[in-house]
Amino acid sequence: MQKCLGLVCLGVLFVLSGCRGARSEKTPFHLNPNFDWQPKYKAQMLTSLPPEGTVIWGNEHSFSSAKSREQYLKEDATFYNGKLANGSFVSTIPLKVDEAFMKRGQERFNIYCAVCHDQSGTGHGLVVQRGFAPPPNLGDERLLTVQDGYLFDVISHGIRNMPAYAKQIPEADRWAIVAYVRALQKVQHGSVEDVPESSLKEIK
Ligand code: HEC
């Protein structure tokens, strides 16, 4: 009796699921439409096309967060490119330079730059000792007079034999490195008179 009931149930299921044993030209009945007939940008990706003349970017979070929107658009040319609106390099670092910022710059310089430029910036890093093209001394007269934005640009895009570091170093850290390069230059051109009284005994 139970076996019989099972078979009947199976038969009913077949009929319900549309298996009538014969081919049909009619479109099968779509029980759950599930937005299946919406225009799509790409199958399985978006449920609708973006409005004409717009570009898709970011995600839900980017729309609500001004910060990530800014990081995506990078509209602030001074901070992101080291340049003014007219394309010339900015003369000073567009961030607050304090002790923590300099320490950060020192740490980043020693990680990313010292392999070639050495820790004091004279250009005798380990990679150079093993045969890489020697960089100039960062304390060279010419580099004392360049804009801060120029140094930022060299780090971002590289120059001649020097590779670019935009991918590895975020913008704020690149500016911190610029601040530290300025400190290294001061060290090379400074004298004992520049050292504050309180720090004199540390160097003597
Ligand atoms: C792989 C080695 C290497 C690394 C790492 C490196 N540099 Fe350089 N850098 C060079 C070389 C080589 C030159 C000289 C390029 C040339 O003139 O061909 C140079 C040149 C420069 C110049 C002078 C640009 C000019 O106008 O002549 C600056 C400033 C500079 N580097 C800063 C940095 C800073 C800051 C970092 C760390 C973010 C860094 N470099 C990392 C190899 C390196």
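The structure we're discussing is the one just above.
Residues numbered from 1 in each chain as written. Predicted model: local features only at pLDDT ≥ 70, side-chain atom pairs only at ≥ 80, totals over all residues. Heavy atoms only, no water.

If you tally the helices and strands in the chain, you get 11 helices and zero strands. Listing every helix and strand of the chain by position from the N terminus yields α-α-α-α-α-α-α-α-α-α-α. The buried share of the chain, taken over its 204 residues, is 25%. Taking as baseline every contact in the chain between residues at least 6 positions apart, the subset at least 24 positions apart corresponds to 48%. (Helix = DSSP H or I, 4+ residues; strand = E, 2+ residues; numbered from the N terminus. Buried < 20%, exposed > 50% of the residue type's maximum accessible area, 1.4 Å probe, protein only. Contact = heavy atoms within 4.5 Å.)

For the rest of this paragraph, the subject is helix 9 (residues 148-157). For helix 9, the tally of buried residues reaches eight of 10 residues, placing the bulk of the element in the interior. In the core, the buried residues of helix 9 are packed alongside helix 4 (77-81) and helix 10 (171-189). Positive backbone phi, approximately 75°, marks Gly-158, located one or two places after helix 9.

Right, let's talk about the coordination of the iron atom of the ligand for a bit. In this structure, His-117 (NE2) and Met-162 (SD) serve as the protein donors to the iron atom of the ligand, at separations of 2.0 to 2.2 Å. Around the iron atom of the ligand sit six donor atoms; with metal-centred angles ranging over 84 to 177°, the donor geometry is octahedral. Residue His-117 is located in helix 6 (residues 114-117), and its partner Met-162 is located in the loop between helix 9 and helix 10; the two are separated by 45 residues in the primary sequence. Judged by its relative accessible area of 25%, Met-162 is partly exposed. (Donors = N, O, S within 2.8 Å, 3.2 Å for Na, K, Ca; no water. Tetrahedral: all angles 85-135°; square planar, octahedral: opposite > 155°, others 65-115°.)

Around the ligand lies a shell of 24 residues, among which Cys-113, Cys-116, His-117, Tyr-150 and Met-162 are the nearest. In the model, an oxygen atom of the ligand is placed 2.7 Å from a nitrogen or oxygen of the Arg-142 side chain. Side-chain polar atom of Arg-160 to an oxygen atom of the ligand: 2.9 Å apart, as the coordinates give it. Taken together, the elements giving at least two residues each to the shell around the ligand come down to helix 6, helix 8 (141-145) and helix 9. For the shell around the ligand, the element with the highest residue contribution is helix 9, accounting for four residues. Among the residues making up the shell around the ligand, the classes are represented as 20 nonpolar, two polar and two charged. (Near = heavy atom within 4 Å. Polar contact = N/O pair within 3.5 Å; in protein donor to acceptor, adjacent residues only side chain to side chain. Nonpolar A, V, L, I, M, F, W, Y, C, P; charged D, E, K, R; others polar.)

A separate point is the packing of aromatic side chains. Inspection of the entire model under this criterion finds five aromatic pairs. Ring plane angle 80° and centroid distance 4.9 Å describe the contact between Phe-79 and Tyr-80, whose orientation is recorded as edge-to-face. By the burial criterion, Phe-79 is buried, and Tyr-80 matches it. When the centroid spacing of 4.2 Å and the interplanar angle of 15° are considered together, the rings of Phe-152 and Trp-175 count as stacked. (Phe/Tyr/Trp six-rings, centres within 6.5 Å; stacked < 30°, edge-to-face > 60°.)

Taken together, the side chains of Val-115, Val-127 and Phe-132 define a hydrophobic patch exposed on the protein surface, amounting to about 210 Å² of accessible area. Looking at the element boundaries, Val-127 is found in helix 7 (residues 126-129). Overall, the relative accessible area of 33% leaves Val-127 in the partly exposed class. (Patch = residues over 30% accessible without salt bridge, like charges linked within 9 Å, V, L, I, M, F, W, Y side chains within 5 Å. Areas by Shrake-Rupley, 256 points an atom, 1.4 Å probe, with all protein chains shown as cover. Salt bridge = Lys/Arg side-chain N within 4 Å of Asp/Glu carboxyl O.)

Spatial relationships are all this shows, so hold off on functional conclusions.
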